[in-house]
Amino acid sequence: MKYLCLVYCNEEKLHSLPESPEDAECLACAEMLSNDGYMLGGEALEPVRTATTVRVRNSKLSITDGPFAETKEQLAGFYLIEARDLNEAIQVASKIPPARVGSIEVRPVRELTPHA
Amino acid sequence: MSDIPLERVHKTVDDIYRGESRRVLATLIRLLGDFELAEQALHDAFIAALQQWPRDGIPAKPRSWLISTGRFRAIDHIRRRSRFNDSLTTLAEQLESDVSQEEIHNDQEIQDDMLRLLFTCCHPALPPDGQVALTLREVCGLTTEAIAHAFLISPTTIAQRIVRAKAKIRDANIPYEVPSRYQLSERLDSVLRIIYLVFNEGYFASSGGSLTRPDLSAEAIRLGRLLTQLVPDPEVLGLLALMVLHESRRAARTTREGEVVPLEDQNRRLWNRGQIAEGSALVQQALSMGRAGPYTLQAAIIAVHADAQSADQTDWEEIVGLYDVLLQVQQSSIVELNRAVAVAMRDGPAAGICLIDTLLQQGELIDYPLAHTAQAELYRRLGQAAAARAGYERALGLTQQEPERRLLKRRLAELPDKKT
């Protein structure tokens, strides 16, 4: 099954705590997950202040500055993984370095049904 | 070596995963001393198989290959992680020096690993719901999602139970071993109880809209079979007999629409003769080993039912006798209730009503819906509609199970109207 591991963290603290992971460690983690056959894709994200939110209402495009919602923890990155079940996905998620300073939300991927 | 068609390798790996992955895992847990490390190693070993077998050919002993590869990969993993954590270096060195090649491939040890895994997952220090979830996932190889689906619980809850159980095994140092001889019978009881609990959840599903969940029962029977190969104990045979004999009635227990069919109304031609023969032979084998325990005796009772053409032609004398013996080894109000029903079949409904009245007065069964149902059935047979109605209504107020409730409503509707 596919799971999306969403990395949430307070952006102010992501790089400033003693426990904060260095980029090198995150790269090594991604490489390891990839070698182990778990990783389908993943990236780190620029801070939310760089975000732009897009909506289409009545065929009209609207664009706003910043994220969809203000939250205490922000989306900082994501890993799309393939795991046997939820417990294996949890095990993989527990190895993602920012889990030490933020949280990882593990979400099963819903397969869309190609319905007529 | 020549290349092997990728499709064939994938199919072989799939087959080996289904047949061997639990055994490989069981051995890896012993070699690595940790569930999570072992699970990762199992995963790595199968990934390596998918990469290497198409090129190098399928090894002569795939299981040994997977065990060695998994162990090697785990040590390699720890070494790589030790770049960020010094304490892991020592662990890697320890794991590397711990084990000799002979130990890895010792057949008896590997055979015992499945038992170690089962006894650890059913360790009495773990909460019962944790034991069930862990056994189904680690020993049977079910996914978290499949277990959640079977118990109608969210996958997160099941995942939590599994994570907690594993943490307890690690933190409390629950040993990965087959209990010593003097502990074996007590610990075996707890393993048998978990297996029977899994079976019952699949057979008598305690809640929800559907009466049975055959997958869970099939897993429990598979575990029971495995245990008979590993532990020569009469109750292990007795439990397998009990489950197989229950299973033999599955097709007759419900209608196509999912309605409950009580034993006396079941179409006995739907009973599975092959399973009855297997179950009865197991009962005989267990009885011949001496001391008959509760599982064997319950199985013996079903075997007597299975011999009869109809409820009327059942040897109720024999069944009452078996319940008497069962009560000597397992004092239980539910067994008393079942005995009362058998007595009613032997001596007439009034005798049964008298016994059930006494049981209900003792209080333990007062909230047990089947006690009231049984009482009502006997009143119905005596033609005492009002008393029967009262019993069915009490049972209806106590049961959560939809098919059971529909049966009770049907029974109530069939009773002659009180006003006429």
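Quick note: structure is the one above.
Residues numbered from 1 in each chain as written. Chains lettered and ligands numbered in written order. Predicted model: local features only at pLDDT ≥ 70, side-chain atom pairs only at ≥ 80, totals over all residues. Heavy atoms only, no water.

Chemist: What am I meant to see in the packing of helix α6 (residues 107–121) of chain B against helix α10 (residues 181–203) of chain B here?
Modeler: Two quantities define a packed helix pair, namely the angle between the axes and the distance from one axis to the other. Residues and elements named next belong to chain B. Taken N-terminus to C-terminus, the directions of α6 and α10 make an angle of 75°; their axes are 9 Å apart at the nearest point. Judged by the angle between their axes, α6 and α10 are roughly perpendicular. Across the interface between the two elements, Leu-118, Phe-119 and Thr-120 from α6 touch Leu-184, Arg-187, Leu-188 and Val-191 from α10. The class makeup of the residues in the contact of α6 with α10 is 5 nonpolar, 1 polar and 1 charged. (Axes fitted to C-alpha atoms, helices over the stretch in contact; angles between N-to-C directions. Helix = DSSP H or I, 4+ residues; strand = E, 2+ residues; numbered from the N terminus. Parallel < 35°, antiparallel > 145°, perpendicular 65-115°, else oblique. Contact = heavy atoms within 4.5 Å. Nonpolar A, V, L, I, M, F, W, Y, C, P; charged D, E, K, R; others polar.)

Chemist: Honestly, the nonpolar core in this entry has me stumped. Any pointers?
Modeler: Side chains of a nonpolar character, in soluble globular proteins, are inclined to be buried together. Residues Leu-66, Leu-136, Leu-227 and Met-243 of chain B are the most contacted members of the largest nonpolar core, which totals 107 residues. When near neighbours in sequence (up to four residues on either side) are disregarded, Leu-136 of chain B contacts Gly-141, Leu-142, Ile-147, Phe-151, Val-198, Leu-216 and Glu-219 of chain B. Within the second largest apolar cluster, 21 residues are counted, among which are Tyr-3, Val-7, Ala-83 and Ile-104 of chain A. (Core = buried A, V, L, I, M, F, W, Y, C linked by side-chain atoms within 4.5 Å. Buried < 20%, exposed > 50% of the residue type's maximum accessible area, 1.4 Å probe, protein only.)

Chemist: Teacher, can you tell me more about the packing of α10 of chain B against helix α12 (residues 234–247) of chain B here?
Modeler: All names here are of chain B. Remark: α10 packs on α12, axes separated minimally by 11 Å, with the N-to-C direction vectors making an angle of 5°. When the axes of α10 and α12 are compared, the pair comes out roughly parallel. Contacts from Leu-188, Leu-192, Ile-195, Tyr-196, Phe-199 and Tyr-203 of α10 reach α12 at Glu-235, Val-236, Leu-239, Leu-242, Met-243, His-246 and Glu-247. Across the contact of α10 with α12, the residue classes tally to 10 nonpolar, 1 polar and 2 charged.

Chemist: Can you help me understand the side chain of Thr-53 of chain A in this one?
Modeler: All names here are of chain A. Tracing the backbone through its elements, the reader meets Thr-53 in strand β3 (residues 52–57). Accessibility expressed as a relative area gives 12% for Thr-53, which makes it buried. A distance of 2.7 Å separates a polar side-chain atom of Thr-53 from the backbone oxygen of Gly-66. In this structure Thr-53 touches Ser-62, Ile-63, Thr-64, Gly-66, Pro-67 and Phe-68, once residues within four positions along its chain are discounted. (Polar contact = N/O pair within 3.5 Å; in protein donor to acceptor, adjacent residues only side chain to side chain.)

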